2 protein chains.
Amino acid sequence: MKKLLILCLLAFFCFPIFAQQAAQQKVISPEIMGDNSVIFRLKAPDASSVKLYGTMGVSDLEMTKNNEGIFEVKVGPLEPDMYAYVFFVDGVKTLDPSNNIVMRDGSHIESRLMIPGGLTELYDVKDVPHGKVSSVWYPSPTLGKTRRMLVYTPPGYDKSNETYPTLYLLHGGGGDEEGWINRGRANYILDNLIAQGKAKPMIIVIPNGNAGSTSAPGEMPLSLRLEQERDAGAGMPRAMAGGSIPEALVKDVIPFVEANFRVKTTKEYRALSGLSMGGYQTQMTTNMFPDAFDYIGVMSIGTFSNFGNYNKDAHIAQLKALKKENPKLYWIGCGTSDFVYQGVLDLMKLYDEVGLKYTYRESEGGHTWNNWRLYLSELAPMLFK
Amino acid sequence: MKKLLILCLLAFFCFPIFAQQAAQQKVISPEIMGDNSVIFRLKAPDASSVKLYGTMGVSDLEMTKNNEGIFEVKVGPLEPDMYAYVFFVDGVKTLDPSNNIVMRDGSHIESRLMIPGGLTELYDVKDVPHGKVSSVWYPSPTLGKTRRMLVYTPPGYDKSNETYPTLYLLHGGGGDEEGWINRGRANYILDNLIAQGKAKPMIIVIPNGNAGSTSAPGEMPLSLRLEQERDAGAGMPRAMAGGSIPEALVKDVIPFVEANFRVKTTKEYRALSGLSMGGYQTQMTTNMFPDAFDYIGVMSIGTFSNFGNYNKDAHIAQLKALKKENPKLYWIGCGTSDFVYQGVLDLMKLYDEVGLKYTYRESEGGHTWNNWRLYLSELAPMLFK
């Protein structure tokens, strides 16, 4: 036991300059109570105000300081699920120093709270066979860059000679190729669905959807990173969706995947889905390349008729071409309190006019990862059947 | 362009509760100046004190508030390299909200600064073929758990029928299987060395070295995570090195890797290295299993004669057995200002007594990732030659 203790000490000595944080670790936060209410705590004797923000629907919530200098607030009871939260300490965003789980996606960096039961069962790490998640670099001549994607290969992939269907899965605006894994838990959702026999074993390909980037910020060549920082500093928007993502997906990503993974290469074995900006890119891609995918999933995004250069006649012509291809599934999901909700209703009205069939899933809630994890868990079982 | 702007807006709407952070993004931090000095900035009009801590040798450095409420401090000039830093805002640790690159390893969560040139050239994302990094779950009967490792496969692995040598690489105390990738940049170091013809293409296997855990905190089954949190809350040390890591490595990890990856399976194609706690585990493993590895690299750790139950005679007997196996390389690296420096000198004295040959690399600096990245870049070229 003495040996163990000395090794624990080593853990702190490894990073002596951060030894101060050790003091924070005695504060328990977040603490999940028996009724699924949650107490958040932060030791900050010198701060005058600490507020809680979180995807559990909490914003600007003042925490109360006790006489030990610990700020505290109780929230809930909450639905079992996964939430992101941060504190604002005297106006500055901070992670929870008592919680060593951080979620990151694009510029969003927050602490994670996961409450057992309910929806968490969809994506918890269960005692089932696990697939692999790999970071893979590939050439994208369309975008003139070597780019990074994450690829989920299902359990058994490495030991079989089988070929698999592929789901191409696109992240939202402000996110990157790590979002569907880090926040979306796509790999664990599929592990669980496959183990339960609910989804077919499939490969999931998650490219970076920001045309000006190669990859998540920490995985970019430093010169490109610094260039983007200079642009951002000069008030220029970070390069986001760009116009070429649909083309890059069909002309670069799919051929690379089909040449480098054991996948089936006809459209009945290809699905495309995305959330928000990725849902817009999904629409663009299937409008431009109607014969590429037999399964289409649009999450939390509707019409783009108010976007620049919108040409309704051209759009309808594309939708008619897509209708002719008769995709096996065109799935649309949206939350009733999502700010894009009306746009989704408008989109369906347009599809009704054109006669393009779709399946609509309306959930509660808004433009959140809570919904997107749920949608993936419902969409994946419908694919390739 | 209108389309692009609307998509940029979507990026913010995706996470409306965090819209406040958008305001922070106009502050540039860190800003690298022409002479490689660096200005750190934080907008915190309501804070009374902001201090900078960082692995560039800065601790408790008071930042100065200007009349716009922006705290600022200039550091350096710094050697081109990668550094971790945090702010303490009125005593609370925060990341830099102007910097969307976060490094995480175990409980260490910090912002990243990378200065071009110099050592950064070792691990920047270059225009060279990139290997893959995969998260892989494997059974560990020795530890009674399904556990997670990261595996680097070199460029070309998927397209060849070749078998490869393997480097098993162990993280330090308080870290986890993601440290050597996230902070250590082991994949990019190898990409670059392989492209330059300096290192042989090899597989790198990075298991989790904390016997009580399955994986990094965010990748643990929730029940285990909550159990560990309860233990930590009750003042129990988090399960760290444990006694069984060497056995689990040789009996579980190696057989799994050799059955599931195209690797050469004799000891002249196996290397083991680790830093700090991982260097201790490296010593333990090669002492207990002297015929398992032909290449051994011990980073930033010396004797453990002051650990509990140390038996010098038994240790010497193990070292003699190791000497008999005549490993092709026993490499030891340490920084002159490392707190374990004297222990490393003692270790070499003991090896001299036993007649166990080793190669010693002494660097400047301390117990830091700056050294460990450097060591890997020098050790990898010596392997399997």
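Residues numbered from 1 in each chain as written. Chains lettered and ligands numbered in written order. Predicted model: local features only at pLDDT ≥ 70, side-chain atom pairs only at ≥ 80, totals over all residues.

Participant: Just to check I follow, could you spell out helix α10 (residues 341–354) of chain A for this structure?
Facilitator: Helical geometry note: an α-helix holds 3.6 residues per turn, so side chains three or four residues apart project in the same direction. Relative to the 20 Å expected for 14 residues at 1.5 Å per residue, α10 of chain A spans 20 Å between its end C-alpha atoms, a close match to the ideal helical length. Looking one or two residues beyond α10 of chain A, the residue adopting positive phi is G355 of chain A, at roughly 85°. (Helix = DSSP H or I, 4+ residues; strand = E, 2+ residues; numbered from the N terminus. Expected span 1.5 Å × (residues − 1).)

Participant: What should I look at first to understand the packing of helix α5 (residues 186–195) of chain A against helix α11 (residues 369–379) of chain A in this one?
Facilitator: For any two helices packed against each other, the geometry comes down to the angle between their axes and how far apart the axes lie. All names here are of chain A. It is the contact of α5 with α11, at a shortest axis distance of 10 Å, that shows an interaxial angle of 35°. The two elements α5 and α11 cross, and the hand of that crossing is right-handed. For the pair α5 and α11, the contacting residues are A186, I189 and L193 in the first and R373, L376 and S377 in the second. (Axes fitted to C-alpha atoms, helices over the stretch in contact; angles between N-to-C directions. Left-handed = near helix turned anticlockwise from the far one by under 90°. Contact = placed C-beta atoms within 7 Å.)

Participant: I would appreciate a short explanation of the environment of E353 of chain A in the present structure.
Facilitator: Tracing the chain through its elements places E353 of chain A in helix α10. Here the alpha-carbon distance between E353 of chain A and P97 of chain A, two residues 256 residues apart in the chain, equals 53 Å.

Participant: For this particular structure, what's the right way to read unusual backbone geometry?
Facilitator: Glycine aside, the phi torsion of most residues is negative, and most peptide linkages are trans. Of the consecutive residues S29 of chain A and P30 of chain A, the connecting peptide bond is found in the cis state with omega at -10°. With respect to the element layout, P30 of chain A can be found in the loop between α2 (20–24) and β1 (31–32). Across the junction of G76 of chain A and P77 of chain A, the peptide omega takes the value 10°, indicating a cis bond. Inspection of the secondary structure assignment puts P77 of chain A in the loop between β6 (70–75) and β7 (82–89). In this structure, D90 of chain B is a non-glycine residue whose phi angle is positive, near 45°.

Participant: Help me understand the pairing of strand β2 (residues 38–43) of chain A, please; the structure alone is not making it clear to me.
Facilitator: Successive residues of a regular strand alternate their side chains across the two faces of the sheet. Residue and element names in this part refer to chain A. The buried fraction of β2 is high, at five of six residues. By the bridge criterion, two bridges tie β1 to β2 in an arrangement that is antiparallel. Within β2, the residue paired with I32 across the bridge is V38. Hairpin connection between β1 and β2: a loop of five residues separates the two successive antiparallel strands, and N36 in this loop has a positive phi of roughly 65°. Sheet topology places β2 next to β6; six bridges connect them, and they run antiparallel. Bridge assignment links V38 to a residue of β6, and that residue is V75. (Buried ≥ 20, exposed ≤ 12 C-beta atoms within 10 Å, placed from the backbone. Pairing = 2+ DSSP bridges.)

Participant: Looking at this model, I keep getting lost on the domain arrangement of chain A. Mind explaining?
Facilitator: As a measure of interface size, the accessible area lost when the parts come together is often cited. Residue and element names in this part refer to chain A. What the domain assignment lists for chain A is domain 1 (19–116) and domain 2 (122–382). A C-alpha centroid distance of 31 Å is found between domain 1 and domain 2. Contacts between the two partners involve eight residues from domain 1 and, on the opposite side, nine residues from domain 2. With three residues, strand β9 (residues 102–105) is the single largest residue contributor to the side of domain 1 that touches domain 2. Of the residues assigned to the side of domain 1 that touches domain 2, the class counts are one nonpolar, four polar and three charged. (Domains from an automatic or database assignment. Nonpolar A, V, L, I, M, F, W, Y, C, P; charged D, E, K, R; others polar.)

Participant: So what exactly am I meant to see when it comes to the sheet that holds strand β2 (residues 38–43) of chain B here?
Facilitator: Strands pair in a sheet through their backbones, by hydrogen bonds, and they do so in one of two ways: parallel or antiparallel. Strand order in the open sheet made by the four strands is β1-β2-β6-β5 (chain B), with antiparallel pairing throughout. Across the chains shown, the open sheet's two edge strands, defined by having one partner strand only, are β1 (31–32) and β5 (64–65) of chain B.

Participant: When you look at the sheet that holds β1 of chain A in this model, what are you seeing that I'm missing?
Facilitator: Strand order in this open sheet of four strands is β1-β2-β6-β5 (chain A), and the pairing throughout is antiparallel. Edge strands, defined here as strands with exactly one partner in the open sheet, are β1 and β5 (64–65) of chain A.

Participant: Explain the pairing of strand β11 (residues 132–140) of chain A to me, please; I cannot follow it from the model alone.
Facilitator: Of all the nine residues making up β11 of chain A, seven are buried; the element is thus mostly covered by neighbouring parts of the structure. As defined by bridge partners, β11 of chain A adjoins strand β12 (residues 145–153) of chain A across nine bridges and the pair is classed as antiparallel. In the strand pairing of β12 of chain A, K132 of chain A is matched with T153 of chain A. Between β11 of chain A and the antiparallel strand that follows it, β12 of chain A, lie four residues; G144 of chain A among them carries a positive phi value of about 65°. Relative to strand β11 (residues 132–140) of chain B, β11 of chain A runs antiparallel, the two sharing three bridges.

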